[in-house]
Amino acid sequence: MGVALKSEIIQVRKEQPEIDIRGLSKVYQTKNNRFEALKDVSLHVNNEEFVSILGPSGCGKSTILRILAGLEEASSGNVRVAGHEVTGPSAERGMVFQSYTLFPWLTVRENIEFGLKLKGLKAKERKEISDKYLELVGLERFANSYGKELSGGMKQRVAIARSMANSPDVLLMDEPFGALDAQTKQSMQHLLLDIWKKEKTTIVFITHDIDESLFLSQRIYVMDARPGRISEEIDADLGLFKDGELVDVDRFMKMKKHIISLLKH
Amino acid sequence: MKKNKWNKLLAIREDIPKKWYLLGILFTFIFLFIIWNALSFMKLVDEVFLPTPVEVVISFILSMVDSAYWGEIGISVYRVFMGFLLACLVGIPLGILAGTFKFAESLIIPVSEFIRYMPAAAFIPLIMVWVGIGEPAKILVIFIGCFFQLVLIVADDTNRISKDLLSASYTLGANRFQVITRVIIPAMLPKLMATMRLIMGWAWTYLVVAELVAADSGLGYSIMKAQRFLDTESIFVGIIVIGLLGLIIDRCFAMANKKLFPWAEGGN
Ligand SMILES: Nc1ncnc2c1ncn2[C@@H]1O[C@H](COP(=O)(O)OP(=O)(O)OP(=O)(O)O)[C@@H](O)[C@H]1O
Ligand SMILES: [Mg+2]
């Protein structure tokens, strides 16, 4: 009996998605009108899954992420992460922003250790963890540099390392490569996939770059604006890419065309 | 070729060779100096109004070897620093609060905006009624002159910290208190230093105002006294000494800023 119960619990745990959003709405009340930024959005992200949210500007992508992070309140609906109702920001939900958010007065290493220090970890433990993540993002040589000495891509690598060092349940990324040039962007995408595979993190990734979403994610939610809502859920885990190279060109083009048509109307 | 050179020197907001920049500085100083010489030595202006540079230099040296004059300098510096420090001690925390919490802003900012337009000099008679003409009076004038400006600028500096930076710290596990102590305050320190540097300049202005009106010591008073005896050289010396002191303090601020905040973007 006891054994059966335990396995049942494990079963439930497995079936429960890491991120579970149900009937989420967000209304912004401005001076003389109300703006429905999100209307009845439901989505889920499984444990260790990489999911993209794709949509036109202003459709509420960032709003979803900020609500997930606990930085903003939902107007109605249910938002659960790792089984808990989201009530405010926490280190369990790391976030990487499109703008550079390094603490300029801290070195790269101190930036990565910021969350660990808040948790009260000792210097030695902090160093062990920051060493690991410095290596993961390939910035060992810049451990003692300040933000102003880094390029845009390097800054975003620090931001990723800084969030990951906290070992959060989920990593929320809001167009993290949106401000980077094409080449840097591509190498960052490869790096992110490597990290995801190594660290087995659950990632929600926002973009309005179709190629990027197809390359990175297992599933894609396509959104529509006014009011912001989810128009389609797309399975992208179809072996389009192998070792970072596009192998199924036909299928890729077909999916891309389909998404373009979704975004167009 | 020649045209090209001028074209480069007059490019909008572009850097020019350092040599040319220094030349520009030197030129204005020498130009002003020549004008001064011409006007005074050729007696184009009465010497009561404009003494010759030689007379001013002699007066300057005489003052510098006079220990009483150093006493005047000392008391003025003391007043400036007391007024300035007091304004900082109260104004900076209030400014940070106002730039952090909207409720604090509502309590602090509108009032400060209002009082800022009341000239500090106009408070002097009132201050004399309140606290007499002793040291507190001068310090209070400087305090009033600096405090309200300081609060407003510090609040604005605080407000300018990017909201994403704050959001990022929340998602790294910081609570509100930690966001203030570990993010807002360190983020604004270089700006705060720049603001203090600016306010220091005003502190000197209000010092002179206070000493001209109600003092029997200090650099402002010695200028006042010199005027009574039509001792124009001494007025010049007083002004130059105040200018030099201001310059020295300003350079100290600039250097401290560079030393303390090597991470800050865009130099001093
Ligand atoms: N604080 C706010 N007050 C009023 N309206 C807001 C507020 N924040 C966002 N909005 C509106 O909500 C909508 C969704 O904003 P959001 O930032 O989530 O869009 P987005 O999909 O991330 O767009 P982008 O791709 O440009 O980043 C926008 O139309 C925006 O104008
Ligand atoms: Mg956005």
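Residues numbered from 1 in each chain as written. Chains lettered and ligands numbered in written order. Predicted model: local features only at pLDDT ≥ 70, side-chain atom pairs only at ≥ 80, totals over all residues. Heavy atoms only, no water.

Caption draft 1: Representation of the environment of Gly 74 of chain B within the structure. Among the secondary structure elements, Gly 74 of chain B is positioned in helix H4 (residues 67–100). Judged by relative accessible area, Gly 74 of chain B falls into the partly exposed class, the value being 36%. (Helix = DSSP H or I, 4+ residues; strand = E, 2+ residues; numbered from the N terminus. Buried < 20%, exposed > 50% of the residue type's maximum accessible area, 1.4 Å probe, protein only.)

Caption draft 2: Main features of the sheet that holds strand S9 (residues 219–224) of chain A. All names here are of chain A. Across the sheet, which stays open at both edges, the six strands sit in the order S6-S7-S8-S3-S9-S10 with mixed pairing between neighbours. The outermost strands of the open sheet, each flanked by one partner alone, are strand S6 (93–96) and strand S10 (229–235). Along the sheet, successive strands turn relative to each other by an average axial angle of 20 degrees, direction set aside. Judged from the five bridges that link them, strand S7 (residues 170–174) and strand S8 (residues 202–207) form a sheet pairing that is parallel. Opposite Met 173, over in S8, you have Phe 205 as the bridge partner. (Pairing = 2+ DSSP bridges. Axes fitted to C-alpha atoms, helices over the stretch in contact; angles between N-to-C directions.)

Caption draft 3: Summary view of the site of ligand 1. All names here are of chain A. Around ligand 1, the surrounding shell holds 13 residues, and the nearest of these are Ser 57, Gly 58, Lys 61, Ser 62 and Thr 63. Separating an oxygen atom of ligand 1 from a side-chain N or O atom of Lys 61 is a distance of 2.8 Å. Residue Glu 175 places a side-chain N or O atom 3.3 Å away from an oxygen atom belonging to ligand 1. Its free accessible area being 630 Å², ligand 1 has 61% of it covered by the protein chains. Looking at the shell around ligand 1, the elements with two or more residues in it are strand S2 (34–45) and helix H2 (61–69). Of the residues forming the shell around ligand 1, the biggest block, three residues, is contributed by H2. For the shell around ligand 1, the residue count by class is five nonpolar, six polar and two charged. (Near = heavy atom within 4 Å. Polar contact = N/O pair within 3.5 Å; in protein donor to acceptor, adjacent residues only side chain to side chain. Areas by Shrake-Rupley, 256 points an atom, 1.4 Å probe, with all protein chains shown as cover. Nonpolar A, V, L, I, M, F, W, Y, C, P; charged D, E, K, R; others polar.)

Caption draft 4: Just the domain arrangement of chain B, in detail. Residue and element names in this part refer to chain B. As far as domains go, chain B holds domain 1 (2–41) and domain 2 (53–265). Placing a centre on the C-alpha atoms of domain 1 and another on those of domain 2 gives a separation of 32 Å. The partner domain 2 presents four residues to the five residues of domain 1 that form the contact. Note on domain 1 versus domain 2: buried area summed over both sides is about 330 Å², and carbon and sulfur give 90% of it. Across the contact surface, domain 1 and domain 2 share zero salt bridges. Along the contact surface separating domain 1 from domain 2 lie zero residue pairs in polar contact (both at pLDDT 80 or more). Its residues assigned to classes, the side of domain 1 that touches domain 2 comprises three nonpolar, two polar and no charged. (Domains from an automatic or database assignment. Contact = heavy atoms within 4.5 Å. Buried area = accessible area lost by both parts, 1.4 Å probe. Salt bridge = Lys/Arg side-chain N within 4 Å of Asp/Glu carboxyl O.)

Caption draft 5: Here's a closer look at the interface of chain B and chain A. Between chain B and chain A, the residue contacts involve 19 residues of the former and 25 residues of the latter. Buried surface at the junction of chain B and chain A, both sides included, amounts to about 2000 Å², of which 68% is carbon and sulfur. Among the residues chain B hides against chain A, the three largest losses belong to Thr 171, Leu 172 and Trp 263 of chain B. Together they make up 38% of the total. Linking chain B with chain A are zero salt bridges, by the criterion used here. Where chain B meets chain A, there are four residue pairs in polar contact (both at pLDDT 80 or more). Sorting the residues of the side of chain B that touches chain A by element identifies helix H8 (163–171) and helix H9 (176–213) of chain B as the ones contributing at least two each. Among the residues forming the side of chain B that touches chain A, the class breakdown is eleven nonpolar, five polar and three charged.

Caption draft 6: Highlighting the sheet that holds strand S1 (residues 19–29) of chain A. Residues and elements named next belong to chain A. Strand order in the open sheet made by the four strands is S2-S1-S4-S5, with antiparallel pairing throughout. Each edge of the open sheet carries a strand with a single partner, namely S2 and strand S5 (84–85). By the bridge criterion, eight bridges tie S1 to S2 in an arrangement that is antiparallel. Following the sheet pairing, Val 27 is matched in S2 by Glu 36. Docked against the sheet, H2 engages S1, S2 and strand S4 (76–81), running at close to 115 degrees with respect to S1.

Caption draft 7: A look at the packing of helix H6 (residues 124–131) of chain B against helix H7 (residues 135–159) of chain B. Residue and element names in this part refer to chain B. At their nearest, the axes of H6 and H7 sit 10 Å apart, and the two run at 135 degrees to each other. Taken together, the axis directions place H6 and H7 in an arrangement best described as oblique. In this structure, H6 meets H7 at a crossing whose hand is right-handed. Between H6 and H7, the contacting residues are Ile 124, Ile 127 and Val 131 on the first element and Pro 136, Ala 137, Leu 140, Val 141 and Ile 144 on the second. Class assignment for the residues of the contact of H6 with H7 results in eight nonpolar, no polar and no charged. (Parallel < 35°, antiparallel > 145°, perpendicular 65-115°, else oblique. Left-handed = near helix turned anticlockwise from the far one by under 90°.)

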